[in-house]
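As a plain string of letters, each chain reads:
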Amino acid sequence: ARIGSYASIGNGASIGSYARIVADAIIGSYASIGNDAIIGSYASIGNGASIGNGARIGNGAIIGNGAIIGNGASIGNGASIGNGASIGNGASIGSYASVGPRSSDAVDIGWADGYRKCIAQVDGVAYIGAGCRWFTLAEALKHWDNKPDRVLTMCLMRTAIAIAQSKGWSHG
């Protein structure tokens, strides 16, 4: 493993072979960093979080306590993954996206009207993340409906509806 200047590694943390932790990153106690994973500068990995083999965590990204990032997943610069969230193998979460606590199956659905949007589920209910806010899919549809300055967002919401239906998630 290669560990950059001023990086902080918590008690009981494990770092896999060929992992790279860039300068000023913070790895929490009992966190696990997989083989060949890369943790960007100023990224923060919470206590007990698990970063899979070959995963990439962007500069300034925040991974919450107990969160699980799958093998080969990519978390963009400045993204925030909540406590206990689960991001699947090979998933890609864009820069500055936010995935809420206890979420799983997160899908980055794109950037529109000034905010990145993603969909995830908590307890079988679809949630939409936009900026720093989370809505159930039903709340999101109501929030953005009939707003002429949110036409592109509503296009993404049609995609979110299709994803929720294919995964069997309710709209909340």
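Everything numeric in this text was worked out from a predicted model, so none of it was measured. (Residues numbered from 1 in each chain as written. Predicted model: local features only at pLDDT ≥ 70, side-chain atom pairs only at ≥ 80, totals over all residues. Heavy atoms only, no water.)

Close contact between helix α1 (residues 137–144) and helix α2 (residues 151–167) brings their axes to 11 Å; oriented N to C, the two are set at 160°. Classified by the angle between their axes, α1 and α2 sit roughly antiparallel to one another. Where α1 crosses over α2, the handedness of that crossing is left-handed. Facing α1, whose interface residues are L137, A140, L141 and W144, α2 presents T153, M154, M157, A160, I161 and A164. When grouped by side-chain class, the residues that make up the contact of α1 with α2 number nine nonpolar, one polar and no charged. (Axes fitted to C-alpha atoms, helices over the stretch in contact; angles between N-to-C directions. Helix = DSSP H or I, 4+ residues; strand = E, 2+ residues; numbered from the N terminus. Parallel < 35°, antiparallel > 145°, perpendicular 65-115°, else oblique. Left-handed = near helix turned anticlockwise from the far one by under 90°. Contact = heavy atoms within 4.5 Å. Nonpolar A, V, L, I, M, F, W, Y, C, P; charged D, E, K, R; others polar.)

Read across the sheet, six strands follow the order β2-β5-β8-β11-β14-β17 without closing on themselves; strand pairing throughout is parallel. Looking at the sheet topology across the chains shown, the edges are occupied by β2 (8–9) and β17 (98–99). The pairing of strand β14 (residues 80–81) with β17 spans two bridges and is parallel. Residue pairing in the sheet places I81 in a bridge with V99 of β17. (Pairing = 2+ DSSP bridges.)

Sheet architecture is open: six strands sit in the order β1-β4-β7-β10-β13-β16, paired in parallel fashion. One side of each edge strand has no neighbouring strand; the edge strands of this open sheet are β1 (2–3) and β16 (92–93). As judged from the two bridges shared by strand β4 (residues 20–21) and strand β7 (residues 38–39), these two strands associate in the parallel manner. The partner of R20 across the bridge, within β7, is I38.

Of the residues making up α1, those classed as buried are L137, A140, L141 and W144. Seen end-on, α1 carries its buried residues on one side only, within an arc spanning 100°. On its buried side, α1 packs onto β19 (115–122), β20 (125–130), β21 (133–136) and α2. (Buried < 20%, exposed > 50% of the residue type's maximum accessible area, 1.4 Å probe, protein only. Arc of directions from axis to C-beta.)

Moving on, we get to unusual backbone geometry. With a phi close to 70°, D24 is a non-glycine residue in the positive phi region. The residue D24 is located in the loop between β4 and β5 (26–27) in this model. A positive phi is found at Y30, a non-glycine position, where the angle reads about 60°. Among the structural elements, Y30 can be located in the loop between β5 and β6 (32–33).

Moving on to the pattern of salt bridges. Scanning the entire structure with this criterion turns up two salt bridges. With a closest N to O distance of 3.0 Å, R116 and D108 form a salt bridge. The residue R150 makes a salt bridge to D149 at a minimum N-O spacing of 3.8 Å. Residue classification places R150 among the partly exposed residues on the basis of a relative accessible area of 22%. Here D149 falls in the partly exposed class, since its relative accessible area comes to 48%. (Salt bridge = Lys/Arg side-chain N within 4 Å of Asp/Glu carboxyl O.)

It is worth stressing that arrangement in space is one thing and function is another; only the former is reported here.
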